[in-house]
Amino acid sequence: MQRHRLVVIGAGFGGLFAIKALRRAPVDITLINGTAYHLFQPLLYQMATGILSEGEIAPPIREVLRRQKNVDVRLGWATSVDTANKIVSVSGPGIEYQVEYDTLIVAAGAAQSYFGNDQFADHAPGMKNIDDALELRARIFGAFEIADLQTDPDDVARWLTFVVVGAGPTGTEMAGQIAELAHRTLPGQYRHIDPHQARIILVDAVGAVLNTFGDHLSTRALRQLHLMGVEVELNTKVVGMDATGIEVETERGHERIPSMTKVWAAGVAAPPLARQIAEVTGAKTDRAGRIHVSPDLTVPGHPEIFVLGDMMNLNDEHGVQLPGVAQVAIQGGRYAARQVKRRLDGQPPDKPFKYFDKGSLATISRFSAVASVGKLRLSGFPAWVIWVAVHLFYLVGFKNRVTAVLHWAVSFLGRGRSERVATVQQAFARRAIREYGDPFTRALDDR
Ligand SMILES: Cc1cc2nc3c(=O)[nH]c(=O)nc-3n(C[C@H](O)[C@H](O)[C@H](O)COP(=O)(O)OP(=O)(O)OC[C@H]3O[C@@H](n4cnc5c(N)ncnc54)[C@H](O)[C@@H]3O)c2cc1C
């Protein structure tokens, strides 16, 4: 008799934890992921600023799941789901294929949103994947190199001005790390510029940094950013952008900030697959394209399709929308796995999904973080210790944990950065892809 066929789309937190929870279940799992690695997104900013390597935050999925014999890992982007015939169509490099399912778990995460200004992406890479982080690394370290070659003080200033858009955890962490580069790592290494001259500007349309952490921690974070020399521009909306600067509407009026290096850390949108699934199932989506799921994380009317993590929209028991954070995806993945097992065992469905909020963390600089855990509000060094412990716990793979600790010691106890290499291709590949097309699509066209 054929075993139950479970197809999982996405090897992020949601997909991976669902699969791991099914390691002993009598199911044949096919995991489809667009990349060959699982990405630990919360540490992307450390990759972009030269602290960690890409290998440390993105272990190969095959290696992670090598002992789990009921999983077949397949590379490719799921392009559509045929719910009538229960088939997922996949576009791999130079090959298109289909996979049949009895149950489908969709955990394809979120993409960057530029709020309708996609042209900003050329000038301000987002922080969603390894390509983004490598490009940012090339741009950030490259900016100091190019500034060192300039003779006009205005050009030096333009190359030494870094604007980070979005003062949530990612933007705050990014701004903090660029400030550490300018003030701790790079001074003394250039003969024509002083890296201390660098301006790091953190911009947000709302009136607080780390808005979701509450007033107390938000104020702490703001103070720490000021101490580090980060200029924080709140209630400031980005209205335009080009290669040499950024246009903003502030409380003072319209302004242009000359800057060659911009980082976009604001806004998420569900991937295109969410729209296709919503269309064929009739499911509702929110403004960001996330699918409104039933309380058991299935698509309404389709108990065989689970949608979880960043791709779903679900309110908690107080009517508040669950946030797009790793714990929502992890707990959702485990919940979906439990439901699958219960069905296979002929048991009634579990109670509706209930998210247990374990708290929020964000680092601002070395030895300084903010932590909101239950009623506890911590900042400074104690919060930073919790941050280190939590990130080590969830980082996948023993060897990655060991090397991450070594690299953190280099950067936090010392002043160095172990991963400063960036290639020209990493800096300019975005333009090539735009001009010549996505490599996957091209491979298909060339056949
Ligand atoms: C820069 C950054 C920092 C963050 N920091 C934190 C933090 O500090 N704490 C926290 O809790 N959360 C943080 N988050 C959020 C957290 O990473 C996400 O909530 C979590 O990763 C969501 O898990 P997921 O499984 O839904 O999606 P993801 O982890 O994004 O995984 C989705 C997977 O699906 C794959 N995929 C996408 N589309 C397709 C397709 N069509 N076909 C096949 N595969 C596909 C992707 O390649 C990816 O592997 C951060 C996110 C970012 C981007």
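The name given to the chain in an unreviewed UniProt entry is NADH:ubiquinone reductase (non-electrogenic), with Paractinoplanes rishiriensis as the source organism. The chain has a UniProt comment under Sequence similarities (unreviewed entry) that states "Belongs to the NADH dehydrogenase family." In its Catalytic activity (unreviewed entry) section, the UniProt record describing the chain reads: "a quinone + NADH + H(+) = a quinol + NAD(+)".

1. Regarding the overall build of the chain
Looking only at helices and strands, one finds 14 helices and 23 strands in the chain. The C-alpha atoms of the chain give a radius of gyration of 22 Å, which matches the 22 Å a tight globule of 447 residues would have. The C-alpha extent of the chain, read off along each of the three principal axes, is 75 × 55 × 45 Å. Taking all 447 residues of the chain together, the buried fraction comes to 44%.

2. Concerning the site of the ligand
What surrounds the ligand is a group of 34 residues, the closest being Gly10, Gly12, Gly14, Gly109 and Gly309. Among the secondary structure elements, those contributing two or more residues to the shell around the ligand are helix H1 (13-21), strand S2 (27-33), strand S4 (77-82), helix H7 (169-185) and helix H10 (326-344). Broken down by class, the residue content of the shell around the ligand amounts to 19 nonpolar, 13 polar and two charged. Two domains each donate at least three residues to the shell around the ligand, and these are domain 1 (4-110 + 270-344) and domain 2 (118-268 + 359-424).

3. As for the sheet that holds strand S11 (residues 230-233)
With parallel pairing, four strands are arranged side by side in an open sheet as S11-S10-S9-S15. Two strands close off the open sheet at either side, each with one partner strand: S11 and strand S15 (261-264). On average, each strand axis in the sheet is inclined to that of its neighbour by 20°, with strand direction left out of account. The pairing of strand S10 (residues 199-203) with S11 spans four bridges and is parallel. Residue valine 203 lies in a different strand from S11, and its bridge partner there is glutamate 233.

4. With respect to the domain arrangement of the chain
Segmenting the chain into domains produces domain 1 (4-110 + 270-344) and domain 2 (118-268 + 359-424). One C-alpha centre belongs to domain 1, the other to domain 2; they are set 29 Å apart. Contacts between the two partners involve 24 residues from domain 1 and, on the opposite side, 29 residues from domain 2. Looking at the side of domain 1 that touches domain 2 element by element, the count peaks at four residues for helix H2 (residues 44-48).

5. Brief notes about helix H5 (residues 130-149)
Between its first and last C-alpha, H5 extends 29 Å over 20 residues, near the 28 Å set by a 1.5 Å rise per residue. The largest bend along H5 measures about 30° and falls at glycine 142.

6. A few points about the pairing of S4
Pairing of S4 with strand S5 (residues 87-92), which is carried by five bridges, proceeds in the antiparallel orientation. Within S5, the position partnered with tryptophan 77 by the bridge is serine 91. Where S4 folds back on S5, the antiparallel hairpin that results is connected by four residues, among which lysine 86 adopts a positive phi of roughly 55°.

7. Structural notes on the UniProt feature "domain: FAD/NAD(P)-binding" (unreviewed entry) in the chain
The sites that carry the UniProt feature "domain: FAD/NAD(P)-binding" (unreviewed entry) are, in the present numbering, residues 5-333. Across residues 5-333, the secondary structure splits into 29% helix and 28% strand, with the terminal C-alpha atoms separated by 17 Å.

8. As for the packing of H1 against H10
Closest axis-to-axis distance for the H1/H10 pair is 7 Å, and the angle between their directions is 35°. Crossing of H1 over H10 shows right-handed handedness. The segment H1 lies against H10, with Phe13, Gly14, Gly15, Phe17, Ala18 and Ala21 engaging Ala326, Ala329, Ile330, Gly332, Gly333, Arg334, Ala336, Ala337 and Arg338. Across the contact of H1 with H10, the residue classes break down as nine nonpolar, four polar and two charged.

9. Points about the UniProt feature "transmembrane region" (unreviewed entry) in the chain
In this structure's numbering, the residues bearing the UniProt feature "transmembrane region" (unreviewed entry) are residues 381-398. Between the end C-alpha atoms of residues 381-398 the distance is 25 Å, and the span holds 83% helix and 0% strand.

10. Topic: unusual backbone geometry
One non-glycine residue, lysine 86, lies in the positive phi region at around 55°. Relative to the helices and strands, lysine 86 resides in the loop between S4 and S5. Residue class for lysine 86 comes out partly exposed when judged on the 17 C-beta atoms lying within 10 Å of it. The phi dihedral of phenylalanine 115 is positive, around 50°, even though this residue is not glycine. Along the chain, the position of phenylalanine 115 falls in the loop between strand S8 (111-112) and H5.

11. Section: helix H12 (residues 398-413)
The terminal C-alpha atoms of H12, which comprises 16 residues, lie 22 Å apart, in line with the 22 Å expected from a rise of 1.5 Å per residue. For H12, the set of buried residues is Ala404, His407 and Ser411. In an axial view of H12, the angular spread of the buried residues amounts to 70°, which keeps them on one side of the axis. The outward face of H12, more than 90 degrees from its buried face, is lined by the exposed residues Phe398, Lys399, Val402, Leu406, Ala409 and Leu413. In this fold, the buried residues of H12 make contact with helix H3 (54-57) and helix H11 (381-394).

Analysis parameters
- Residues numbered from 1 in each chain as written.
- Predicted model: local features only at pLDDT ≥ 70, side-chain atom pairs only at ≥ 80, totals over all residues.
- UniProt positions renumbered as here; feature names shortened; annotations may be inferred.
- Helix = DSSP H or I, 4+ residues; strand = E, 2+ residues; numbered from the N terminus.
- Rg over C-alpha atoms; globule rule 2.2 N^0.38 Å.
- Buried ≥ 20, exposed ≤ 12 C-beta atoms within 10 Å, placed from the backbone.
- Near = placed C-beta within 6 Å.
- Nonpolar A, V, L, I, M, F, W, Y, C, P; charged D, E, K, R; others polar.
- Domains from an automatic or database assignment.
- Pairing = 2+ DSSP bridges.
- Axes fitted to C-alpha atoms, helices over the stretch in contact; angles between N-to-C directions.
- Contact = placed C-beta atoms within 7 Å.
- Expected span 1.5 Å × (residues − 1).
- Bend = angle between axes of the 7 residues up to and from the residue.
- Left-handed = near helix turned anticlockwise from the far one by under 90°.
- Arc of directions from axis to C-beta.

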